[in-house]
Amino acid sequence: MSRATDQFKTRRKFLRMLSASPLLASPGLLSGSFANLMATGEVTEKKFLGWLDSLQQDDAVISSPDQAFDVMDFEPAARKALPPAHFGYLATGVDDDGTVRANREGYSRIQIRARRLVDVENIDMSVSLFGTKWNTPTVLSPVSAQKAFHPEGEVAVARAARAKGNLMMLSTAATSSIEDVSAAAGAPAWQQLYPTNVWEVGRAIVKRAEAAGSPAIVLTVDLQEGSNRETLFRAQVVDKRECSACHRSAYTGYARGRPRAGTGGFAQYAARKPMFDGLDLSKVTATHPLDMNWDYVKRLRDSVTVKLLIKGIVTREDAQLAVEHGVDGLIVSNHGGRAEETLRPTIESLPEVLEGAAGKVPVIVDGGIRRGTDIFKALARGATAVGIGRPYAWGLAAFGQPGIEAVLEILRRELRTIMRQAGTISVDKITRDYIVGRSS
Ligand SMILES: Cc1cc2nc3c(=O)[nH]c(=O)nc-3n(C[C@H](O)[C@H](O)[C@H](O)COP(=O)(O)O)c2cc1C
């Protein structure tokens, strides 16, 4: 018998033995995928190795929140749980996703100077924002359309925020209302504002949020029409499902073309977005008015009776102008790398925004925060608090409320660890003295 025939027989014997193994026979273990492999006909070595490889990859994906070591473990779990187009929507940046990566990499260029021999038995991670105290400096940045990630969407996020003591911001493009979210959060959420090109529509959203008790309106200014979300577009090509089975239309405002007034384009997009309920959308063509300028901010400032923040500021000049226009707070953000491809991390924009704000208003930073040490570095650079977007959406997509709670708990635990290690017992003690690195 030739050596090759010998090897082949040994392999066949091994595969037969595996197929008879009680491990593979037990339901819920490997049996399903192995049965599929056997059903493909001749099991070649290549096919078998491919199966083993996929098994290892599948094994690496967590199947419950308690298996996660860090928040990044939730990303593959979200990818596994979601249809390709929905995961693509969550993951996408613009162009080459370079700014998404830059946000993350920015933190690796800052190092921590840890002090020793400090009594760190009691660590206080709380922060105050406009007189309200939160358990943690980590805020949930607004993420739209969360029912695309989990049927409970924003309400699950609100419940998790309540359980862990985090502040939540609700997107205008949310799939749950400010009333439902605030009830679930136990305290009114901050309302993010896409005012649209029709003043009355934006104003009505503000008034509704104020009536629901929202203590702050967050005007997002970094997202113009037509951002090139290529990762999303590629995922949409791969996704063969008929989208209209679940939602009537995907808003094309960020893609190629935009809905036209009078055709019902925007109204279709808004149909599953409760913050637009009951509003006349017949003249709305965009979430963000292309002619929005500082006069608009002044007009909005005069109309908003609660705190007004601007989200998406990345320069000293704009920070100064915002303060001059009576804005109460700033969020340094590049929309998680989903607006323009600048390749500039938000953590590197933070110092100049702080200069522009000159200590007159709180400054929050978001984008790329994935570790407790990232939170520590942002606070050390002068941020009042930090925001996260994708990490809690991964937790939501993978496991619903328990997934979000696990993400928040991991970040909390990691922050406590680095605060102990560096000898900083409260957030106000985390100063620039504790970091070195690029323009620290
Ligand atoms: C899927 C998705 C939807 C988002 N929707 C909004 C939104 O409706 N309004 C807004 O101001 N920012 C939105 N953002 C930006 C986030 O508020 C936040 O700035 C960003 O996610 C932070 O970066 P990170 O995801 O790296 O943490 C969205 C981000 C993602 C990933």
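Nothing here was measured: the structure is a model prediction, and the numbers come from that model.

S.K.: I'd like to hear about empty space enclosed by the protein, residue by residue, with values.
M.R.: Rolled over the atoms, a probe sized like a water molecule indicates the empty space that remains. Using the criterion set out here, one finds one cavity of 30 Å³ or more in the structure. Together, Met125, Thr136, Pro137, Thr138, Asn166, Ile375, Leu408, Leu411, Arg412 and Leu415 line the largest cavity. Broken down by element, the residue count for the lining of the largest cavity peaks at four residues, all from helix 18 (residues 401–422). Residues belonging to the lining of the largest cavity are distributed by class as follows: six nonpolar, three polar and one charged.

S.K.: Break down the sheet that holds strand 5 (residues 169–170) for me, citing the residues and quoting the values.
M.R.: Here we have eight strands laid out as an open sheet, ordered 4-11-10-9-8-7-6-5, and parallel in their pairing. Edge positions in the sheet fall to strand 4 (138–140) and strand 5, since each has one partner strand and no second. Two strands pair when backbone bridges link them, and strand 4 and strand 11 (residues 385–388) are joined in this way by three bridges, in the parallel orientation. Across the sheet, residue leucine 140 finds its bridge partner in strand 11, namely isoleucine 388.

S.K.: Tell me about the packing of helix 5 (residues 74–81) against helix 17 (residues 390–399), and please be specific about residues and values.
M.R.: Where helix 5 meets helix 17, the axes come as close as 8 Å, and the angle between the chain directions of the two elements is 45 degrees. Considering the angle they form, helix 5 stands oblique to helix 17. In this structure, helix 5 meets helix 17 at a crossing whose hand is left-handed. Contacts between helix 5 and helix 17 involve Phe74, Glu75, Ala77, Ala78 and Ala81 from the former and Trp394, Gly395, Ala397, Ala398 and Phe399 from the latter. For the contact of helix 5 with helix 17, the class distribution of residues is eight nonpolar, one polar and one charged.

S.K.: A description of the nonpolar core should follow, citing residues and the corresponding values.
M.R.: Formed by 116 residues in total, the largest nonpolar core has its most connected members in Phe74, Trp190 and Leu330. Beyond its immediate chain neighbours, meaning those up to four positions away, phenylalanine 74 contacts Ile62, Pro65, Ala68, Trp394, Gly395, Ala398, Phe399, Gly403, Ala406, Val407 and Ile410.

S.K.: Run through the packing of helix 6 (residues 84–91) against helix 11 (residues 230–238), naming residues and quoting values.
M.R.: The description of two packed helices rests on the angle between their axes and on the distance between the axes. Contact pair helix 6 / helix 11: the axes reach a minimum separation of 8 Å and the direction vectors enclose 175 degrees. The orientation of helix 6 with respect to helix 11, classified from their angle, is roughly antiparallel. Touching Pro84, Ala85, Gly88 and Tyr89 of helix 6 are Leu232, Ala235, Gln236 and Val238, all from helix 11. Taken together, the residues of the contact of helix 6 with helix 11 sort by class into six nonpolar, two polar and no charged.

S.K.: I'd like a description of the confidence of the model for the protein chain, backed by residues and values.
M.R.: Of the residues in the protein chain, 82% have a pLDDT of 70 or more, and the chain-wide mean is 89. Within the model, pLDDT remains below 50 along residues 22–33, and this stretch shows twelve contacts once partners closer than five positions in the same chain are excluded.

Rules used in this analysis
Residues numbered from 1 in each chain as written. Predicted model: local features only at pLDDT ≥ 70, side-chain atom pairs only at ≥ 80, totals over all residues. Heavy atoms only, no water. 1 Å grid on protein atoms, 1.4 Å probe; cavity = no way out; pocket = protein on both sides within 12 Å on 5 of 7 lines; lining within 4 Å. Points joined across faces, edges and corners; volume = space filled by probe spheres on them. Helix = DSSP H or I, 4+ residues; strand = E, 2+ residues; numbered from the N terminus. Nonpolar A, V, L, I, M, F, W, Y, C, P; charged D, E, K, R; others polar. Pairing = 2+ DSSP bridges. Axes fitted to C-alpha atoms, helices over the stretch in contact; angles between N-to-C directions. Parallel < 35°, antiparallel > 145°, perpendicular 65-115°, else oblique. Left-handed = near helix turned anticlockwise from the far one by under 90°. Contact = heavy atoms within 4.5 Å. Core = buried A, V, L, I, M, F, W, Y, C linked by side-chain atoms within 4.5 Å. Buried < 20%, exposed > 50% of the residue type's maximum accessible area, 1.4 Å probe, protein only. pLDDT = per-residue confidence, 0-100.

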